[in-house]
Amino acid sequence: MEKSSALIMFTLGLGMIFLGWKVQGLPPAITGLGFLVIAANYWKVRKD
């Protein structure tokens, strides 16, 4: 369950970065980067 949550957050982060690039907006890209960092941390902590 934890890995699937991390994968969903990772996918959402990539989508937000793509959206930020597409509309040339910084806030969605920063949010997407934040999602990627949180997902990576969540994956690392919940790996056991």
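Definitions and limits used
Residues numbered from 1 in each chain as written. Predicted model: local features only at pLDDT ≥ 70, side-chain atom pairs only at ≥ 80, totals over all residues. Heavy atoms only, no water. Helix = DSSP H or I, 4+ residues; strand = E, 2+ residues; numbered from the N terminus. Buried < 20%, exposed > 50% of the residue type's maximum accessible area, 1.4 Å probe, protein only. Axes fitted to C-alpha atoms, helices over the stretch in contact; angles between N-to-C directions. Parallel < 35°, antiparallel > 145°, perpendicular 65-115°, else oblique. Left-handed = near helix turned anticlockwise from the far one by under 90°. Expected span 1.5 Å × (residues − 1). Contact = heavy atoms within 4.5 Å. Arc of directions from axis to C-beta.

Participant: How would you explain the environment of Pro27 if you had to name every residue and give the values?
Facilitator: Within the fold, Pro27 resides in helix H2 (residues 26-45). Residue Pro27 is classed as exposed on the basis of its relative accessible area of 57%.

Participant: Quick one: what's the story with the packing of helix H1 (residues 2-22) against H2, residue by residue and with numbers?
Facilitator: How two helices sit against one another is set out by the angle between their axes and by the gap between those axes. As a packed pair, H1 and H2 sit with axes 7 Å apart at the nearest point and diverge in direction by 160 degrees. Viewed along their axes, H1 and H2 adopt a mutual orientation that is roughly antiparallel. For the crossing formed where H1 meets H2, the hand is left-handed.

Participant: Which residues make up H1, and what are the values?
Facilitator: Structurally, the α-helix is built with 3.6 residues per turn, so residues lying three or four positions apart point the same way. With 21 residues, H1 should reach 30 Å at 1.5 Å per residue; the first-to-last C-alpha distance of 30 Å fits that figure. Elements in contact with the buried residues of H1: H2. With its phi angle positive at about 55 degrees, Gln24 sits one or two positions after the end of H1.

Participant: Pulling in residues and values, what's your account of H2?
Facilitator: The end-to-end C-alpha separation of H2 is 29 Å, in line with the 28 Å expected for 20 residues at 1.5 Å each. Considered for burial, the residues of H2 that qualify are Pro28, Gly32, Leu36 and Ala39. Around the axis of H2, the buried residues are gathered within 85 degrees of arc, so they sit on the same side. Away from its buried face by more than 90 degrees, H2 exposes Leu26, Pro27, Ile30, Leu33, Val37, Lys44 and Val45.

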